[in-house]
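Residue-level listing of the chains:
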Amino acid sequence: WQEKRGLRELRVLENLKNTIFETNEHILPKCEQAMHDNLNEAFKRLQAANDMIHRLQEREHEEMKLQADKLMAREEECVAHWEELMKEQRNKQAEVDEEHRKAMERLKEQYSEMEKELAKYVSF
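Attention here is on the structure that accompanies the text.

### Considering the overall build of the chain
Move 1: Counting its secondary structure elements, the chain contains 1 helix and 0 strands.
Move 2: Rg of the C-alpha trace for the chain: 52 Å, well past the compact-globule value of 14 Å for 124 residues, more than 25% over.
Move 3: When the backbone C-alpha atoms are referred to their principal axes, the chain occupies close to 170 × 25 × 5 Å.
Move 4: The burial tally for the chain puts 0% of its 124 residues in the buried class.
Move 5: Of the roughly 12400 Å² of accessible surface on the chain, 59% is carried by carbon and sulfur atoms.
Move 6: Each charge class in the chain was averaged separately, 22 positive and 29 negative side chains, and the resulting centres sit 7 Å apart.

Set out below in structure tokens:
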């Protein structure tokens, strides 16, 4: 009876040894290879995603730079337009001032003439 039990245990141990050997020799290398292949594939996909994101960021950066350049050009254009407008306004102001000065001179002359005419009539 003990002998049968010993043989059964021996067979169980032998089966366990065979299972461990099969696992170590065949299953583990297959699992390692599958894991390695999957990790390589995941790494390649991540690398491709990183490259795409990098290109996208470069495009966004270029677009932002282009927009900033356009904005700067527009700002410079506005400043130039403002300066031209202010120059025109100063010229118009000078013209108006000159017209005003001339009108004032004419009025002074006119009033002076009127005063002389009035002085003629007052002396009678």
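Continuing now.
### Examining the pattern of salt bridges
Move 1: Per the stated rule, a full pass over the model turns up 6 salt bridges.
Move 2: We note a salt bridge from glutamate 41 to arginine 45, for which the minimum N-O separation is 3.2 Å. With a gap of 4 residues between them, glutamate 41 and arginine 45 both fall in helix H1 (residues 2–122), about one helical turn apart.
Move 3: Taking relative accessible area as the criterion, glutamate 41 reaches 39% and is therefore assigned partly exposed.
Move 4: Residue arginine 45 is classed as exposed on the basis of its relative accessible area of 59%.
Move 5: Here glutamate 77 makes a salt bridge to arginine 74, at a shortest N to O gap of 3.0 Å. Taken as a pair, glutamate 77 and arginine 74 lie in helix H1 at a separation of 3 residues, close to a single helical turn.
Move 6: Salt bridges here are not isolated pairs; linked through shared partners, they connect Glu98, Arg101 and Glu105.

### Some words on a nonpolar patch on the surface
Move 1: A contiguous nonpolar surface patch, about 400 Å² in accessible area, is contributed by Met104, Leu107, Tyr111 and Met114.
Move 2: Examined against the element boundaries, leucine 107 turns out to sit in helix H1.

### Remarks on the environment of histidine 26
Move 1: Tracing the backbone shows histidine 26 in helix H1.
Move 2: The spacing of histidine 26 and tyrosine 111 is 85 residues in sequence and 124 Å in space, taken between C-alpha atoms.

### Here we look at the environment of arginine 74
Move 1: Given a relative accessible area of 48%, arginine 74 falls into the partly exposed group.
Move 2: Separated by 30 residues in the primary sequence, arginine 74 and lysine 44 place their C-alpha atoms 45 Å from one another.

About the criteria used
- Residues numbered from 1 in each chain as written.
- Predicted model: local features only at pLDDT ≥ 70, side-chain atom pairs only at ≥ 80, totals over all residues.
- Heavy atoms only, no water.
- Helix = DSSP H or I, 4+ residues; strand = E, 2+ residues; numbered from the N terminus.
- Rg over C-alpha atoms; globule rule 2.2 N^0.38 Å.
- Buried < 20%, exposed > 50% of the residue type's maximum accessible area, 1.4 Å probe, protein only.
- Areas by Shrake-Rupley, 256 points an atom, 1.4 Å probe, with all protein chains shown as cover.
- Lys, Arg positive; Asp, Glu negative; His and termini not counted.
- Charge placed at Lys NZ, Arg CZ, Asp CG, Glu CD.
- Salt bridge = Lys/Arg side-chain N within 4 Å of Asp/Glu carboxyl O.
- Patch = residues over 30% accessible without salt bridge, like charges linked within 9 Å, V, L, I, M, F, W, Y side chains within 5 Å.

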